[in-house]
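Listed here are the chains, written in short residue letters.
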Amino acid sequence: MPYKILLKSRLYMLLAATAIASAITNPVPTLAAAGTNATDVPAKNGIRITMNGKDFQAKSAPFVDHGTIYLPLRDVGELLGTLVSWNGAAKTVTMNYPDLKVKLEYGSPRAMVNGKQFSLNAPLRMVDGRLFVPLRFFSEATGADVKWEDSIKTVNITKEDDFIKAQPWSSVWLNRKTSDLYMARDEQSPAIHVGKLDTEIQGDVSFHDGLNQGGNTVLTIVDRYGDSRSHYDVYGLLIRGNKIVTQKKANYEKRYEPNTTYFQVYDPNGWIEYTVLTDGKIVTIFNNQGKVVKEYDLPKLSGTDDVFSVLAVGEDYLVVRPNQSGLLTLIDLKDHSTVVLADKLLTGKDLEYARNHKDPYPGDTLSYAGDMGHGVLDFYYASPFNGKEQRSVRLTYERPSYEDERKALPKGRSIKELASVCTPKTISSIEMQDGDMMYVPLIGANEKDKDSIRTVCGILQKFAAKGVEETLPYDSPETFFHGMYVNFTEGESISMYQYGGKLALGSAFGGKTMILDDHQSVQDFNRLKVVPTSTFQPNPVHIGKKVHFKGNIGGYKESEPLIISWAPDLNKYSSQDPDRSLVIFTGTMKFGSYDVQFTMPAYGKAADGTMKPLQPGKGTIKISNGSYGNVESTSIELLPESK
């Protein structure tokens, strides 16, 4: 959804910057009674804020202090369409916008506006750990007009809306009138002019945030216009070195699905990544250096003179949707075939609907889900006959061009065969999760896990003896996987999860599934879930005093690095700067388990290798093995060295 911002043009911006001196150095008009306490105003004042006549709902209530209205920093950024940030280490506020950079230091009576220094009438405020900023100063800095209606306690802000911002948190701006595009690297960096669209904007604009891949950034801008907003102009931009180097424009009627902008191909030396742009007829593939490596002519390959949405690109296939028919189509580059997927995946009234309906647009409701390997592609399908039930089922298509390869694959062992050989020696690992909650894995090589692994093998043996095969409906789960993956040393892997009050073996998406109705097995299954732990004593702790760390973050190797870091707390609205973490201890863990004692140091090693002092106060201790995934954090309070 486009977010409207406010300057007429770059020329207007330059004129506005010149006028800021008066707005900053002259007394701010009284907005409420002077001397009002900041802590009790939000509930009593009920201050209303409007932007161009529309109410703005702040995440936290504004307040008045000595005639100045304050608003949380993040709300100001959303209201004005700017990019704002708080640097907790430097104690500075930054606001970026095309042709404008404002910087304020907490506690300072001055501000920097486009490199020039101005005096402030109202300082920054910290209330209950949240940073509040003077609304009038930031509004007028962007060229807005601010008026206060005391009788109804309303701040009315008016501002020209030439700039469109992707999202409140995004770092992309588009000038509606000039088609100039600006981008910022991050929330503390200036907005840089990267180029302009080769056309004029006609209607409602939306953005698909830029994909950063190698040296490429891909940004998609959609201009939807017409009486019924049924026309879509879709711009795909390839940006390198802060400049638009390539742009493609596609036109769609009634229906637009986001075109894919990326795919990767496995190579023995590692994954090879590619960037994708399309004009609806030609698909252009770029490498990491921004060079064109391949092009596909979709009308020629499909035999259909149309414009296409491109939902997926693989090493030897494309999944596209012709705009006129709306029927999702697979172009198999391996055997040069073209397949209308509805004909292969749908039946009965679903197929009839896909083939014949026209309103609101023709075609099916299939969408690409993923490449499962060996020529197997998965798709989501939401039936129009499900009424209010909008959950999708997952359907599989096996490409005929890979039939011989699939036949040559080794046959997996049955559940009975796996259950009969299941021991701690034949299990490499058992991974457990509930959504985004990851539990401590069981490792076959870990002596401490052997009894738990035997419990899992016992459950498998019950499946082999008493399990009943059922065909569950294909259904995509509402959240991530909930259950366990049992991985054997010879390569097989099976998934086990709860289904109602029973256990199930098979895909969480449904299909043929083995069901075990055994209460004890369900209890054993849940008992195996152990949450990663980390204990720290004492807390608070003085620098120079002995500390004791003990816990288990879950590891797959008998010996892994143990890295303990300290980071001071930042305001929760501030940028998360990874360089703030300082390593205070290194050692080793055994299968993710550790038990160490050491003296809390006064200095820690920063990411650049330098030693920096630990700043007393509240903060976080992070336990990791130096790689992504295995991390556990504990909040502590660090006290100065005791005398």
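Residues numbered from 1 in each chain as written. Predicted model: local features only at pLDDT ≥ 70, side-chain atom pairs only at ≥ 80, totals over all residues. Heavy atoms only, no water.

Focus on the overall build of the protein
Counting its regular elements, the protein contains eleven helices and 51 strands. Per-residue burial over the protein gives 47% buried out of 643 residues. Contacts spanning at least 24 positions in sequence make up 55% of the contacts within the protein whose residues lie at least 6 apart. If you sum the accessible surface of the protein, you get close to 31,900 Å²; carbon and sulfur atoms cover 50% of it. (Helix = DSSP H or I, 4+ residues; strand = E, 2+ residues; numbered from the N terminus. Buried < 20%, exposed > 50% of the residue type's maximum accessible area, 1.4 Å probe, protein only. Contact = heavy atoms within 4.5 Å. Areas by Shrake-Rupley, 256 points an atom, 1.4 Å probe, with all protein chains shown as cover.)

Brief notes about the state of the cysteines
For the structure on display, the rule yields one disulfide. Note on cysteine connectivity: C422 is disulfide-linked to C457, with sulfurs 2.0 Å apart. One disulfide, between C422 and C457, carries an S-S torsion of -70° and so falls in the left-handed class. Separated by 35 residues along the polypeptide, C422 in the loop between helix 9 (415-421) and strand 34 (427-434) and C457 in helix 10 (residues 450-466) bring together distant segments of the chain. Side by side, C422 and C457 carry an identical accessibility label, which is buried. (Disulfide = S-S within 2.5 Å.)

Looking at the sheet that holds strand 32 (residues 376-381)
On the basis of which strands lie adjacent, the open sheet formed by three strands has the order 31-32-33 and antiparallel pairing. Looking along the sheet, the strands with just one partner apiece sit at the ends: strand 31 (366-373) and strand 33 (393-398). In this sheet, adjacent strand axes meet at a mean angle of 30° when their direction is disregarded. Bridge count between strand 32 and strand 33: six bridges; the pairing is antiparallel. (Pairing = 2+ DSSP bridges. Axes fitted to C-alpha atoms, helices over the stretch in contact; angles between N-to-C directions.)

So, empty space enclosed by the protein
In the structure shown here, the tally under the stated rule is three cavities of 30 Å³ or more. Of the pockets and cavities examined, the second largest cavity occupies roughly 90 Å³. Lining the second largest cavity, in full, are T220, V234, Y235, G236, A250, Y256, N259, T260, T261, V276, L277 and T278. Where the lining of the second largest cavity is concerned, the elements lending two or more residues are strand 21 (231-240) and strand 24 (272-278). Of the residues belonging to the lining of the second largest cavity, the class tally is six nonpolar, six polar and no charged. (1 Å grid on protein atoms, 1.4 Å probe; cavity = no way out; pocket = protein on both sides within 12 Å on 5 of 7 lines; lining within 4 Å. Points joined across faces, edges and corners; volume = space filled by probe spheres on them. Nonpolar A, V, L, I, M, F, W, Y, C, P; charged D, E, K, R; others polar.)

Description of the nonpolar core
Within soluble globular proteins, side chains that are nonpolar tend to cluster in buried spots. Grouped together as the largest cluster of nonpolar side chains are 41 residues, with contacts concentrated most on L79, V102, L135, F138, V155 and I157. The residues touching V102, leaving out its near neighbours within four places in the chain, are V93, T94, M95, M112, V113, F137, F138 and A141. Counting 26 residues, the second-largest nonpolar core is a separate cluster that includes L460, V486, I494 and L505. (Core = buried A, V, L, I, M, F, W, Y, C linked by side-chain atoms within 4.5 Å.)

A look at the packing of aromatic side chains
One pass over the structure, following the stated rule, counts 18 aromatic pairs. Consider the rings of Y232 and Y256, whose centres lie 6.0 Å apart with planes at 35°: the pair is tilted. Remark: Y256 occurs in the loop between strand 22 (243-253) and strand 23 (262-265) and Y232 occurs in strand 21; sequence separation between them is 24 residues. Each member of the pair Y232 and Y256 is classed as buried. Arranged with centres 5.2 Å apart and planes meeting at 25°, the rings of F263 and Y274 form a pair that is stacked. With F263 in strand 23 and Y274 in strand 24, the pair connects residues that are eleven residues apart, well separated along the chain. Of note, R125 hangs over the ring of Y70, and the distance from its end group to the ring centre comes to 5.9 Å. Stacked on the ring of Y97, the Lys or Arg K159 has its end atom at 4.6 Å from the ring centre. (Phe/Tyr/Trp six-rings, centres within 6.5 Å; stacked < 30°, edge-to-face > 60°. Lys NZ or Arg CZ within 6 Å of the ring centre and 35° of its normal.)

Looking at unusual backbone geometry
Between D359 and P360 the backbone carries a cis peptide bond, its omega angle lying at 0°. Turning to its location among the elements, P360 is positioned in the loop between helix 7 (348-356) and strand 31. Here N539 and P540 are connected by a cis peptide whose omega angle stands at 10°. In this structure, D99 is a non-glycine residue whose phi angle is positive, near 65°. Along the chain, D99 turns up in the loop between strand 7 (92-97) and strand 8 (100-105). The exposure class assigned to D99 is partly exposed, which follows from its relative accessible area of 24%. Of note, the phi angle at N242 is positive, near 65°, even though the residue is not glycine. Structurally, N242 is set in the loop between strand 21 and strand 22.

Observations concerning the packing of helix 10 against helix 11 (residues 519-527)
At a closest axis distance of 10 Å, the pairing of helix 10 and helix 11 adopts a crossing angle of 150°. Relative to helix 11, helix 10 is oriented roughly antiparallel. In this structure, the crossing between helix 10 and helix 11 has a hand that is left-handed. In this structure, helix 10 uses T455, I459 and K462 to contact helix 11, whose residues at the interface are Q520, S521, D524, F525 and R527. A per-class count over the contact of helix 10 with helix 11 returns two nonpolar, three polar and three charged. (Parallel < 35°, antiparallel > 145°, perpendicular 65-115°, else oblique. Left-handed = near helix turned anticlockwise from the far one by under 90°.)

What about helix 10?
Spanning 17 residues, helix 10 covers 24 Å between terminal C-alpha atoms, matching the ideal 24 Å at 1.5 Å per step. Along helix 10, the positions that sit buried rather than exposed are K450, I453, T455, V456, C457, I459, L460 and F463. (Expected span 1.5 Å × (residues − 1).)

Observations concerning the side chain of E140
Relative to the helices and strands, E140 resides in helix 4 (residues 135-141). A distance of 2.9 Å separates the side chain of E140 from the side chain of R136, its partner in a polar contact. (Polar contact = N/O pair within 3.5 Å; in protein donor to acceptor, adjacent residues only side chain to side chain.)

Quick notes on the pairing of strand 25 (residues 282-286)
In terms of burial, strand 25 is a largely internal element, four of the five residues being buried. Pairing analysis gives four bridges linking strand 24 to strand 25, with the strands arranged antiparallel. Note that in strand 25 the partner of T278 across the bridge is V283. From the end of strand 24 to the start of strand 25, which pair antiparallel, there are three residues, and G280 there has a positive phi angle of about 95°. Looking at chain direction, strand 25 and strand 26 (residues 292-297) are connected through five bridges and run antiparallel. If you follow T284 over to strand 26, its bridge partner there is E295. With antiparallel pairing between neighbouring strands as the criterion, strand 25 and strand 26 make up a hairpin whose turn holds five residues, including G290 at a positive phi of roughly 80°.

Focus: the sheet that holds strand 29 (residues 329-332)
Reading across the sheet, the four strands line up as 27-28-29-30 and stay open at both edges, with antiparallel pairing between neighbours. The sheet is open, and its two borders are formed by strand 27 (308-313) and strand 30 (337-340), each paired with just one other strand. Neighbour-to-neighbour, the strand axes of the sheet open up by a mean angle of 25°, direction not taken into account. Bridge count between strand 29 and strand 30: four bridges; the pairing is antiparallel.

What about the pattern of salt bridges?
Scanning the entire structure with this criterion turns up 26 salt bridges. Of the charged contacts in the structure, one is a salt bridge between E140 and R136, with a shortest N-O distance of 2.9 Å. Remark: R136 and E140 occur in helix 4; sequence separation between them is four residues, near one turn of the helix. Accessibility assignment for this pair places E140 and R136 in one class, buried. The shortest N-O distance in the salt bridge between R454 and D451 comes to 2.8 Å. On the criterion of helical spacing, the pair formed by R454 and D451 is a turn pair, its members being three residues apart in helix 10. Connected via shared salt-bridge partners are R255, E257, R321 and D364. (Salt bridge = Lys/Arg side-chain N within 4 Å of Asp/Glu carboxyl O.)

Geometry only, nothing functional implied.
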